[in-house]
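These are the residues of each chain, in order.
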Amino acid sequence: MAVDMNMNVLIVDDYKTMLRILRNLLKQLNFNNVDEATDGTMAMEVLSQKDFGLVISDWNMEPMTGIQLLRLVRADDKLKHLPFVMITAESKSENVIAAKEAGVSNYIVKPFNAATLRSKLVSVLGEF
Amino acid sequence: MPARKPVAKSKPKGARKSAKARSKVGASGGKHKAASRARKAAKVVAKVIKSAHSEADLFAELGKLARYIQDARKEIVALQPHEVKDKFLPSASDELDAIVGATADATNAIMDATEIIEDVMGGLKGKRADQLMEATTAIYEACTFQDITGQRITRVVATLQDIETKVDGLLSAFGTGNGKARKTRAKPKKPGKIEITDADLLNGPQDAGTASTQAEIDALLASFD
């Protein structure tokens, strides 16, 4: 099935510059409907306001981290199937295992490039 | 649509039980250590008394010990720990915060210019447009340095705050501190800890030599399938 390029994408990171970089890279991949949140709590608030097709989240944020956000998303009946990609500088295997056990769709380690971002989104959403 | 409240996070029963068990192990371990230290101290005192041929010798030895402690105290005071705590460490933290701010400003300025190039690029087609697209993508990728740098500097600031607390403890021990060190984010690890908590998973960015590559992470994820 073709990927809906008009889907709403939520990007979550406590660094404003990283949000801007992600927004621009997603725009280059033709995802134009991008919303932002600066931590897990704000992300849950935004997710409750409209339908999203993808969440891309950092791990290390306060007060609610990315892994806690992922657990809340997977525990929510309406959101549990939402594709969730973690983009983080946490590269230890125990982090990857914890994220996988929490139901992450894919995992990108920072610093990343546009090709990696694209390939992981294709892996999660299908070819676009 | 009404805003949905986030689900309250609660620890599973097992986790609570384990924490309690860990606490018991920690308390028991602390008692054993204290007893062990007391036994060692008693042995040292007994050795000193035994080695002293007379009461005068014992007093002489104790006098030496007192002078040694006084000298150590003078040396620590000469290091001006108050200045380190009150001036140098906060100043270093402020400088590092300023670096994070400056790199964020520079990154935003670079992206302002790049976004203008992208707008102009919209009117182009063919090879030139592709070249510009590749160049702007490379700029955005390069800008991710700010995020990584910021996280590393934040860790250094937390370390400085730890040092500040330890210096304050030293000052208090010598009766010259105010005991008002800033609270640190880093907490000492509990003895006998077994489970990996969310806090244990906040260690990034890893050093280049120890960080997993994207390929290694992909392989680990694939092993779950």
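See above for the structure.
Note that this is a predicted model, so its numbers are computed, not measured.

Calculation rules
- Throughout this document, residue positions are counted from 1 along each chain, in the order its sequence is written.
- Written order determines the labels here, with chains lettered from A and ligands numbered from 1.
- With the structure being a predicted model, the display of local features is reserved for residues of pLDDT at least 70 and the display and counting of side-chain atom pairs for 80 or more, all residues being used for whole-chain, interface and lining totals.
- Exposure in this text rests on C-beta crowding, where 20 or more other C-beta atoms within 10 Å of a residue's own make it buried, 12 or fewer make it exposed, and counts in between make it partly exposed. The C-beta atoms are placed from the backbone.
- Per the convention used, a helix needs a DSSP run of H or I reaching at least four residues, while a strand needs a run of E reaching at least two, with both numbered from the N terminus.
- Handedness of a crossover is defined as follows: with both strands directed away from the viewer, a clockwise route from the first strand across the helix to the second makes it right-handed.
- Any two strands are treated as partners once DSSP identifies two or more bridges connecting them.
- For every element, the axis is a line fit to its C-alpha atoms; helices are fit only across the contacting stretch, and the angle between N-to-C directions ranges from 0 to 180 degrees.
- Contact definition: two residues whose C-beta atoms, as placed from backbone geometry, lie within 7 Å.
- The nonpolar core criterion groups buried Ala, Val, Leu, Ile, Met, Phe, Trp, Tyr and Cys residues into a set whenever they are joined through C-beta atoms within 7 Å.

Enquirer: So what's going on with the pairing of strand β4 (residues 84-88) of chain A? Residues and values would help.
Expert: All names here are of chain A. Summarising burial for β4: 5 of the 5 residues are buried, a large majority. The alternating pattern of β4 places F84, M86 and T88 on one face and V85 and I87 on the opposite face, and all of these are buried. On the question of chirality, the crossover connecting strand β3 (residues 54-57) to the parallel β4 by way of helix α3 (residues 66-75) is right-handed. Of the pairings in the sheet, the one linking β4 to strand β5 (residues 106-109) comprises 4 bridges and is parallel in character. The residue of β5 that forms the bridge with M86 is Y107. Between β4 and its parallel partner β5, the chain crosses via helix α4 (residues 93-102), and the hand of that crossover is right-handed.

Enquirer: Before we move on, can you summarise the sheet that holds strand β1 (residues 9-12) of chain A with the specific residues and values?
Expert: Residues and elements named next belong to chain A. With parallel pairing, the 5 strands of this open sheet are ordered in space as β2-β1-β3-β4-β5. Of all strands in the sheet, those with a lone pairing partner are β2 (34-37) and β5, marking the two edges. When strand polarity is set aside, the average angle formed by the axes of neighbouring strands in this sheet is 20°. Strands β3, β4 and β5 of the sheet are contacted by helix α5 (residues 114-125), whose axis makes an angle of about 175° with β5.

Enquirer: So what's going on with the nonpolar core? Which residues, and what values?
Expert: Note that soluble globular proteins tend to have their nonpolar side chains buried in a common cluster. Ranked by size, the top nonpolar core spans 45 residues in total, and within it L10(A), L22(A), I56(A) and A99(A) carry the most contacts. Here this core gets 6 residues from one element, more than from any other, and that element is helix α1 (residues 16-28) of chain A.

Enquirer: Account for the interface of chain B and chain A, naming residues and giving values.
Expert: Each partner contributes to the interface: chain B provides 37 residues, whereas chain A provides 38 residues. Elements that contribute at least two residues to the side of chain B that touches chain A include exactly α3 (81-121), α4 (127-143), α5 (145-173) and α6 (214-222) of chain B. At 6 residues, the largest contribution of residues to the side of chain B that touches chain A is made by α5(B).

Enquirer: Break down the environment of A158(B) for me, citing the residues and quoting the values.
Expert: Counting through the fold element by element, A158(B) comes out in helix α5. For A158(B), a count of 13 C-beta atoms within 10 Å gives the class partly exposed.

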